[in-house]
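The chain contents come next:
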Amino acid sequence: MWTVAKLSFKEILYKRIFLITVLMSLAFLVFYGIATYYAGGKIAEGLGSRAADPDAILQRQFFSSQFLGIGLYMASIIASLLAILSSVGAIAGEIESHQMDTLLARPLHRRSVVLGKFIGLGGLLALYAACLFTGIICINRWLGGDVLQASVSFGQACKAGGFFVLQPLLLVSVALLFSSTMSTINGGVILIILYGIGFVGGFIEQIGGLLDNRPLVNIGIVSSLVFPLDSLFRHMTITLFDTADDPISFASQGIFGSVSAPSGLMLAYIVCYGIAALLLALRKFERRDI
Amino acid sequence: MSDSIIQSRRLTKQYDGKAGCKNITLDVPRGVVFGFLGPNGAGKSTFVRTMLGLIKPTSGEAVMLGLPIGSVAARRNVGYLPELFRYPEWLTGRQLLQTHAELSGVPYGERKKRIDALLDRVGLTASADEKIKGYSKGMQQRIGLAASLISDPELLFLDEPTSALDPIGRKEVRELITELREQGKTIFLNSHLLSEVESVCDHVAIIHKGELIVQGLWRELSDIRTTIEIMAAGMGEAMARLDHPAVTGTERVGAKEGKDIWRLTLDEEEAIPDVIDRLSSQGARIYQVVRKEPGLEDVFIYWINRKEMERGVDRR
């Protein structure tokens, strides 16, 4: 299992998609850093001497949470797309190219292949997501100035970072399920559509929450049940913004916050969803003709 | 310990009731080069892939090294070079062998020595640290062959092992197979190249349209008919007057130094002296008699035709 994990870890490092994603992520961070720096200066200039007014404090906190939310949402999309593109062909691609033949002819349990892929891909993507998350937080902290710097403690950032990192892990589990069951192209299309459903459903749920429209909230809940990635993101933003020493929850502001917050039960559902996908992947691959 | 390294009993793998292989009952003795022969699409690769647990049998059972197929333990002492070989292109040849050594549980201390020896054996020492992406087809087949041998397996499945090799490479693989047999290993050679099998195999099985036609010692299977070539003068008239019940076929195949060369097919070896006597008594002046061994192609066609005829009789 560890040999397969090591091989998967190395393979993704050698793939051009990873290099491109890393370079584009760096470009994104630079762009985001510049934008944060200038926006912070401009907003501070606009607030001027009113900075200490309660109204200005609310505005400041709104802008900081929104700016941080934008960065994290984009980072989440980048990490998710990388997770999908690198994992959906992890098994199916090797079956299609017959690379799997020599691997499985070795004294190796098929479950070791799936678990090895999960550990290798998941480990690298988790590391990548953690770096991206840290980059966004650092930019906010060091370049956001007094205005855009979100009030986030180290503990909160670590906890939220944990939820952020869970996103690619969930995607890798589901991608491996599809990869064990069908062709790369079919699995990729289905996973991207599921991701889209979760993405759009998340926004619909937040809009429903803002408008107090129950059917919209329910649509969002159903989409979260079908694919709960967006709920994980919402849970991350709540952990990050909803501070105990802040009387106003800024997580309930704007489209990147959470008006309709995922419950603890939803979090348990997400974890079970990921584990179930991985177990199903093991089962499917165990029975599949190569 | 059983004498058979592979035993399959009515092993069947069908895809929607079609293709694949059907009711294959095979016994492969230890320490031989076993040729599994058949035209393309006959079911050879399906059988091998079923043995290796890559595909699940529809019915029947089989054991390999005394262990049921599909189990991890059964594959512990097995090497495999697939027909459609592909390896991670981003690895170097040496890294590929290191990976397979790790997967096969080769002790860490032995790996380097074994890898270097195998790279040397397949002639890839100079390009061992180049990426497989830059390897030619033939080089990829060679590195695949080295990977299949990394665990020093008792049983080696080679599926069309020379398909990408040039004549020199083919000769080298034949030599390697012979060398492995001398080391006591069993080689299961899947091939549609009859000449390749003919030169190295001691046991042969023929598969056609997914069904096993025949299996056994090559020497016994090839004993299908007796063919002799006679170089003589005055053969035309002698042949016209020859009336021998053992002679089933005659054909003039050429001439040399003013003498005709005739090929005679007899249904039994014992009839040779008698036929020669009769030809001489009919006026043929015989200069040379050569016993012709049937080629694998003849054997192959003979057994397939025989099976087809039996089927025809069964249907009636």
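Criteria and cut-off values
- Residues numbered from 1 in each chain as written.
- Chains lettered and ligands numbered in written order.
- Predicted model: local features only at pLDDT ≥ 70, side-chain atom pairs only at ≥ 80, totals over all residues.
- Helix = DSSP H or I, 4+ residues; strand = E, 2+ residues; numbered from the N terminus.
- Rg over C-alpha atoms; globule rule 2.2 N^0.38 Å.
- Buried ≥ 20, exposed ≤ 12 C-beta atoms within 10 Å, placed from the backbone.
- Contact = placed C-beta atoms within 7 Å.
- Pairing = 2+ DSSP bridges.
- Axes fitted to C-alpha atoms, helices over the stretch in contact; angles between N-to-C directions.
- Nonpolar A, V, L, I, M, F, W, Y, C, P; charged D, E, K, R; others polar.
- Core = buried A, V, L, I, M, F, W, Y, C linked by C-beta atoms within 7 Å.
- Expected span 1.5 Å × (residues − 1).
- Arc of directions from axis to C-beta.
- pLDDT = per-residue confidence, 0-100.

1. Quick word on the overall build of chain A
A count of helices and strands for chain A gives 12 helices and 0 strands. Each helix and strand of chain A, placed in order from N terminus to C terminus, yields the pattern α-α-α-α-α-α-α-α-α-α-α-α. Its C-alpha radius of gyration of 21 Å places chain A within 12% of the 19 Å reference for a compact globule of 290 residues. Oriented by its inertia axes, the alpha-carbon framework of chain A measures out at about 75 × 40 × 30 Å. Going through the 290 residues of chain A one by one, you find that 48% of them count as buried. Counting contacts in chain A only where the partners sit at least 6 residues apart, residues at least 24 apart contribute 84% of the total.

2. Let's talk about the overall build of chain B
The number of helices and strands found in chain B is 10 helices and 14 strands. For chain B, the spread of C-alpha atoms along the three principal axes comes to 75 × 50 × 35 Å. The buried share of chain B, taken over its 316 residues, is 40%. Restricting the contact set of chain B to residue pairs at least 6 apart, pairs at least 24 apart contribute 70%.

3. Overview of the sheet that holds strand E14 (residues 285-292) of chain B
Residues and elements named next belong to chain B. Strand order in the open sheet formed by 4 strands is E12-E13-E11-E14, with antiparallel pairing between adjacent strands. Of all the strands in the sheet, the pair left with one neighbour each is strand E12 (247-256) and E14. Across the sheet, the mean angle separating the axes of adjacent strands is 20° when strand polarity is ignored. Pairing geometry for E12 and strand E13 (residues 259-266), over 8 bridges, is antiparallel. Looking at the pairing, Thr-250 lines up with Leu-264 of E13. Packed onto the sheet, helix H9 (residues 272-281) meets strand E11 (226-233), E12, E13 and E14 and runs at close to 155° relative to E14.

4. Examining the interface of chain A and chain B
It is common to report an interface's size as the accessible area lost on association of the parts. If you look at the interface, chain A gives 17 residues, while chain B gives 22 residues. Taken together, the elements giving at least two residues each to the side of chain A that touches chain B come down to helix H1 (2-14) and helix H5 (99-104) of chain A. By residue class, the composition of the side of chain A that touches chain B is 7 nonpolar, 6 polar and 4 charged.

5. What to know about the nonpolar core
Leu-125, Ala-175 and Leu-176 of chain A together with Ile-143, Ala-146 and Phe-188 of chain B are the most contacted members of the largest nonpolar core, which totals 146 residues. Excluding residues within four positions of it along the chain, Ala-175 of chain A makes contact with Ala-83, Ile-84, Ser-87, Val-88, Gly-187 and Leu-191 of chain A. Ile-230, Trp-262, Leu-264 and Leu-279 of chain B belong to the second largest nonpolar core, which has 10 residues in total.

6. Describing the pairing of strand E6 (residues 78-81) of chain B
Residue and element names in this part refer to chain B. Taking every second residue as pointing to the same face, both faces of E6 are buried, with Val-78 and Tyr-80 on one and Gly-79 and Leu-81 on the other. Relative to strand E7 (residues 155-159), E6 runs parallel, the two sharing 4 bridges. When the bridges of E7 are listed, Val-78 appears paired with Leu-155.

7. Looking at the pairing of E14 of chain B
Residue and element names in this part refer to chain B. When you tally the buried positions in E14, you get 0 out of 8 residues, a small fraction of the element. Two elements, E11 and E14, share 7 bridges in a ladder whose sense is antiparallel. Counted as the bridge partner of Thr-227 is Lys-292 from E14.

8. Regarding helix H2 (residues 16-47) of chain A
All names here are of chain A. Counted at 1.5 Å a residue, the expected span for H2 with its 32 residues is 46 Å, and the 46 Å between its end C-alpha atoms agrees. Buried within H2 are the following residues: Thr-21, Tyr-32, Thr-36, Gly-40 and Ile-43. Where H2 is buried, its residues meet helix H3 (54-87), helix H6 (110-143) and helix H7 (145-148). A positive phi of about 50° marks Gly-48, the residue just after H2.

9. Topic: helix H5 (residues 167-182) of chain B
All names here are of chain B. Spanning 16 residues, H5 covers 23 Å between terminal C-alpha atoms, matching the ideal 22 Å at 1.5 Å per step. Restricting attention to buried positions, one finds in H5 the residues Val-173, Ile-177 and Leu-180. Buried residues of H5 fall within an arc of 65° about the axis and therefore sit on the same side. Those residues of H5 that are exposed and aimed more than 90 degrees away from the buried face are Pro-167, Ile-168, Glu-175, Glu-179 and Glu-182. Taken together, the buried residues of H5 touch strand E3 (33-37), E7, strand E8 (186-191) and helix H6 (194-200). Just downstream of H5 lies Gly-184, where phi reads positive at about 95°.

10. Quick word on unusual backbone geometry
Excluding glycine, most residues fall at negative phi; most peptide bonds, likewise, are trans. Residues and elements named next belong to chain A. Positive phi is not limited to glycine here, since His-98 has a value of about 70°. Examined against the element boundaries, His-98 turns out to sit in the loop between helix H4 (92-96) and H5. Judged by C-beta crowding, with 16 C-beta atoms within 10 Å, His-98 ranks as partly exposed.

11. A few points about the confidence of the model for chain B
Per-chain confidence: chain B averages 86 in pLDDT, with 97% of residues scoring 70 or above. We note a pTM of 0.83 for the whole complex and an ipTM of 0.78 for its interfaces.

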